[in-house]
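Chain residues, written in single-letter form:
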Amino acid sequence: MRFVDEFRDPEIITKAAAEVHRLVDPGRHYRFMEVCGGHTHAIYRFGLKDLLPENIELIHGPGCPVCVLPMGRIDDGLSLCQDSNVIFTAFGDMMRVPGTHGSPLEHKARGADVRIVYSPSDALNLARANPDRHVMFFAIGFETTAPSTALTLLRARVEGIKNFSVFCNHVTIIPAIRAILDSPDMRLDAFIGPGHVSTVIGCRPYEWICRNENKPIVVSGFEPLDMLQSIVMILRQLNAGEAKVENQYKRVVPWEGNRAALRAMAEVFQLRPYFEWRGLGFISQSALRIRDEFAEWDAEQRFQVPGVRVTDPRAAQCGEVLKGVLKPHQCKLFGRECTPEHPIGALMVSTEGSCAAYHSYEHRKQLLTNIQTAA
Ligand code: SF4
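Residues numbered from 1 in each chain as written. Predicted model: local features only at pLDDT ≥ 70, side-chain atom pairs only at ≥ 80, totals over all residues.

Draft legend 1. Summary view of the nonpolar core. If you look at the biggest cluster of nonpolar residues, it comprises 111 residues, and the most contacted ones within it are Phe 32, Val 66, Phe 88, Met 136, Phe 138, Val 166 and Leu 347. With seven residues, the single largest contributor to this core is helix 11 (residues 224–239). In this structure Phe 32 touches Ile 56, Leu 58, Ile 59, Asp 189, Ala 190, Ile 192, Ile 231 and Ile 234, once residues within four positions along its chain are discounted. (Core = buried A, V, L, I, M, F, W, Y, C linked by C-beta atoms within 7 Å. Buried ≥ 20, exposed ≤ 12 C-beta atoms within 10 Å, placed from the backbone. Helix = DSSP H or I, 4+ residues; strand = E, 2+ residues; numbered from the N terminus. Contact = placed C-beta atoms within 7 Å.)

Draft legend 2. Just the pairing of strand 6 (residues 164–170), in detail. With seven of seven residues buried, strand 6 is to be regarded as a mostly interior element. Pairing geometry for strand 5 (residues 134–141) and strand 6, over seven bridges, is parallel. Each residue of the ladder has a partner; that of Met 136, found in strand 6, is Ser 165. Running through helix 7 (residues 146–159), the crossover from strand 5 to the neighbouring parallel element strand 6 is right-handed. (Pairing = 2+ DSSP bridges. Right-handed = clockwise from strand over helix to strand, strands pointing away.)

Draft legend 3. Structural view of the packing of helix 7 against helix 12 (residues 259–268). It is the contact of helix 7 with helix 12, at a shortest axis distance of 8 Å, that shows an interaxial angle of 60 degrees. The angle between helix 7 and helix 12 places the two elements in the oblique class. Here the hand of the crossing between helix 7 and helix 12 comes out left-handed. Along the contact surface, helix 7 presents Ala 146, Pro 147, Ala 150, Leu 151, Leu 153 and Leu 154, while helix 12 presents Ala 261, Ala 264, Met 265, Glu 267 and Val 268. A class-by-class count of the residues in the contact of helix 7 with helix 12 yields ten nonpolar, no polar and one charged. (Axes fitted to C-alpha atoms, helices over the stretch in contact; angles between N-to-C directions. Parallel < 35°, antiparallel > 145°, perpendicular 65-115°, else oblique. Left-handed = near helix turned anticlockwise from the far one by under 90°. Nonpolar A, V, L, I, M, F, W, Y, C, P; charged D, E, K, R; others polar.)

What follows is the structure, encoded as structure tokens:
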């Protein structure tokens, strides 16, 4: 398949890995953060860590939108489905994320009308098909998914569909990166930039990282060769004493982003003064709210939302893992109390969550090695 096979070709991958080994300074320890959860998943899925020199450490970043959502927001959204007239809709990866009183799926098991949708426009279709019910879409995601929510709200307004609303949890990537860089316990040498978000925002918004923090950032694709090539590009910059934004994912990411998508977002959303992130606390101007012109379709303005704040279970170390301070397996609950079958934190639920990725690939590989050693 074009754009897949050639990026998984073992011969080319071996050459790229050799180039990484050639470029590293053996006396230096490198710490590169992959911002996006999709990259974390690719690293474990393709065993990329095993191809890299030991002195390159990959730090998992906060780019999984399900993972960074605090439990209070999940509780707030689920509080609305207590009303039997409300159909609660969300993407599939939200369904098993624990709230204080259970996940959306557990609410469904208790009788709430909870449904998976593949897009916000599916939720709008549901509203068209059920004029006597109210359909609420639990919107989540970075700038990658925010445009589709914006376009759906524009469509709802054009058609005058009144039995539809959005509970908006869209967040923005740049303030999260800034919060990571401000964290005193975080030392990073460079960033592997998020590929999906950058298809919308482009590469320009990252330039301050290079300018102010003197760190390279390479926007990367998600195939194994993409990621190795991005690491080669980072090492070349570091060896040349440079810090600039580069775009490895040119086949998908336009340097200036997607102007039509940005326009739709600007028309429908505005920045919230503050928003709480799991693990990172309150970050200013880091999330989107629906503009007052669309208040009729804003679940937070239309309904009474409790606005609860909930702390994670004490032993759960999701915050430290999200900040890259701990690796998933270093959480006290990993693989014991917290597993994909019985997740305690969202990082163990979402396919982009670092704990789920580590458990699916690295943890199983480790168990297999232990069994083979014992045999
Ligand atoms: S193992 Fe579970 S509790 Fe621990 S950080 Fe991961 S998701 Fe959170």
